[in-house]
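The primary structure of each chain is shown beneath.
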Amino acid sequence: MTNHLGDIQHSKAIIIFGANPAVNHPVGFQHFLKAKERNGAKLIVIDPRFTRTAAKADMFIQIRGGTDIAFIYGMLNLIFKNKWEDQSFIADRTFGIEAIKEEAKKYPPSVVADICGVTEKQLMEVTKLYAHTRPGTLVWAMGLTQHSIGTGNTRIAPILQLVLGNMGRSGGGTNILRGHDNVQGATDLGCLSDSLPGYYGLSEGAFKHWAKVWQVDYEWLKSQFDPATMNKAGFTLSRWWQGVLQEEEIHNGKSGKIRGLFCLGNGLISTAQTNKVAQALNELELFVVVDPFPHDAIAYTQKSDGVYLLPAASQMETSGSVTATNRSGQWRFQVVKPLYESKPDEEILFELAKRLGFYEEFTRALGDGKGNFVWPDDATREINYGMKTIGLSGWTPERLKEHTLNWHLFDSVTLKGRGPLQDSFYGLPWPCWNEKHPGTPNLYNISIPVMQGGMGFRNNFGLEQELDGKKYNMLASQGSVPPKSSQKGGYPEITADNIEELTGKKLTAKEKEIVKGKNWKTDLSMTLVNKALEAGLCPYGNARARMYVSTWVDKIPLHREPIHTPRPDLIAKYPTYPDQPNQFRVATKFASLQKDWTKEFPLQLNTARIVTHSGQGIEARVSLALTEINPEMYCQIHPNTAGNYGVNEGDFVWIHSPEGFKAKVKVRLSYSVKENVVFAPFHWAGVMQGESLEAYYPQGYVPYSIGESINGVTNYGYDIVTQIPETKCGLCRIQKA
């Protein structure tokens, strides 16, 4: 999220792709409504389904799922044709516009109308409105990411903002709504299989950096890994089961097949391919679930041994920081001590580390290094110390606590503090470079000094890039720099070799020795960061935003039809990717699956949330009050479609997937979906292909509501870069039960 929810009130136009904040973020949605009320903002919603958010829109476009890239290229086609782009912004702060312009020429209104299932008039009206109503913010959520071209979607959206000059502006930016509390924090802390904390990656240099932070010997750390896999991405949450079933080739080094699973605070059944998850759970030798609630996943294995449920403490029984969707930190204070035999997550992990024989190394950087530390304060200090890449050095526990205790002193629209906290923004949104920095509410803003939250785009990909045989300077142009900077234009990231030249200040002999061979990301002394800030420089440099990436499969975003497309006639022109032999340690199918599935599976399947429940519904469906509001799993189909299948409101239907799995759910008739679309929420579990799993829950702990998991019929399909599942545009067929 480049800006924040309150900043949306500064927008003149809000365009939403694949998000439904009225339902998924009902508290945050107040900022959208206030933007309309106070600022006259125009709300534009692009979605396959007429949602509660769409009900508040000034303009709603009901797009075919999986065609967002084509739609945005259609917008860019009209923007370039009519010269509505921000030419100076593009010239000064971006790279690769020529390639984008050439691709946009392929998407005139008639082509977009055919691909996306909209009218030419709708495309032209929404483009004109959004291009002429600035600043405009672009919002998305999982409706844009959960596709085999999800990464392309999340590239084309910022490109639209760059072209219109909406990036780095209050009321502009790209605002990605995270689905749960602290999803952003979990990502920042490295809860991904391809990165260490702070997005350092898995290179030798990254491991050496964290070895220093953790105060462990790098060679010892290296000895804990298989050398063949240490620096390679691991399994993803969406495909871990393939490491058990081995239906397709896996590349897991000496470890081979996955035999045990330790699940800490994750739904499991809320991922795609529930049938495969269930098969894998049954084949595991060890399955451990750590959760405050009796977990639905336990009911999906019929194993009578090797399955353990460890009672974890809830957020009310613990304390520490969480990171909101806008990059702000918030400190939670413990309300009550853990009840009964439940334990906080860290105690469970500490005990596990002891039994595995590395507790001393695990805690060495905390407190005095001898096992005497204050949790979670000292863990927060360890994060401050190591996570330079996103600027968490200013996130001391003292500052975060002060903000939480004095939240009333902050403006909800600007995040600016008042009184004793007037020099900071609420939650110190990262980057918060040091303890004097106020935080950065809006990224990439060059209209204010760095020490007030200003910054250019990051220099992370060299000083030159080549495109069509020409070499381009990747640094921002003259004048594109925050005020009070020692530089008049773009500059590279700060290193020991260039610090004196860029800042105009000399280092002492001692300082030179401390930073020798370091850059701003690896200098734990903070010398390079602090010297840069004193000179008005952002530590990561000031470069151009890349629209063209030479090292990626798609150099620029390309429309590719979903793997299970309802338009097989478009496959030849917009094919998916070649199969990937080793993607996150598993073979992944793309082109070999893309064919004409429509004769047997003529309907497109769309899944999403409902406001009553959250995620898999583990917490909500054990609430009697919430269960009374939404007591059962259902699907929505258009009345005309229901008539064609002889189905009425309240009937049960089987929803079949191309993978051979099926789900039995109740029908609700709705005009919110098109005639060829089936919608279903993903919050239920506990019923599998019509069979109740009640007998497999811990005795006395069956949720008040159980139902089919729609993820059992979401189609096989994963993003080419992240491996996020393609859950928003698969195919299905329905049959009256």
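- In the nomenclature of an unreviewed UniProt entry, the protein corresponds to Formate dehydrogenase from the organism Helicobacter enhydrae.
- Comment text from UniProt for the protein, heading Cofactor (unreviewed entry), reads "[4Fe-4S] cluster".
- In its Sequence similarities (unreviewed entry) section, the UniProt entry covering the protein states "Belongs to the prokaryotic molybdopterin-containing oxidoreductase family."

## Digging into the UniProt feature "domain: Molybdopterin oxidoreductase" (unreviewed entry) in the protein
Phase 1 of the analysis: Cross-referencing UniProt, the feature "domain: Molybdopterin oxidoreductase" (unreviewed entry) maps to residues 1-355 in the present numbering.
Phase 2 of the analysis: With 38% helix and 14% strand, residues 1-355 has its two end C-alpha atoms placed 40 Å apart.

## Remarks on the UniProt feature "domain: Molybdopterin dinucleotide-binding" (unreviewed entry) in the protein
Phase 1 of the analysis: When the UniProt feature table is mapped to this numbering, "domain: Molybdopterin dinucleotide-binding" (unreviewed entry) covers residues 603-728.
Phase 2 of the analysis: What you have in residues 603-728 is 10% helix and 28% strand, and the ends, taken at the C-alpha atoms, are 12 Å apart.

## Brief notes about the sheet that holds strand 1 (residues 13-17)
Phase 1 of the analysis: Here five strands make up an open sheet; going across it, the order is 3-2-1-5-6 and the pairing parallel. Of all the strands in the sheet, the pair left with one neighbour each is strand 3 (59-62) and strand 6 (174-176). Taken over all neighbouring pairs, the strand axes of this sheet differ in orientation by 15 degrees on average, direction set aside.
Phase 2 of the analysis: One ladder, built from five bridges, connects strand 1 with strand 2 (residues 42-47); its direction is parallel.

## Section: the domain arrangement of the protein
Phase 1 of the analysis: You can read the domains of the protein as domain 1 (5-176), domain 2 (182-199 + 218-388) and domain 3 (568-736).
Phase 2 of the analysis: Spacing between the C-alpha centres of domain 1 and domain 3 amounts to 27 Å.
Phase 3 of the analysis: At the junction of the two partners, domain 1 supplies 25 residues and domain 3 supplies 27 residues.
Phase 4 of the analysis: With both sides pooled, the region where domain 1 packs onto domain 3 buries about 2,100 Å², and carbon together with sulfur makes up 53% of that total.

Each value, and the rule that gives it
Residues numbered from 1 in each chain as written. Predicted model: local features only at pLDDT ≥ 70, side-chain atom pairs only at ≥ 80, totals over all residues. Heavy atoms only, no water. UniProt positions renumbered as here; feature names shortened; annotations may be inferred. Helix = DSSP H or I, 4+ residues; strand = E, 2+ residues; numbered from the N terminus. Pairing = 2+ DSSP bridges. Axes fitted to C-alpha atoms, helices over the stretch in contact; angles between N-to-C directions. Domains from an automatic or database assignment. Contact = heavy atoms within 4.5 Å. Buried area = accessible area lost by both parts, 1.4 Å probe.

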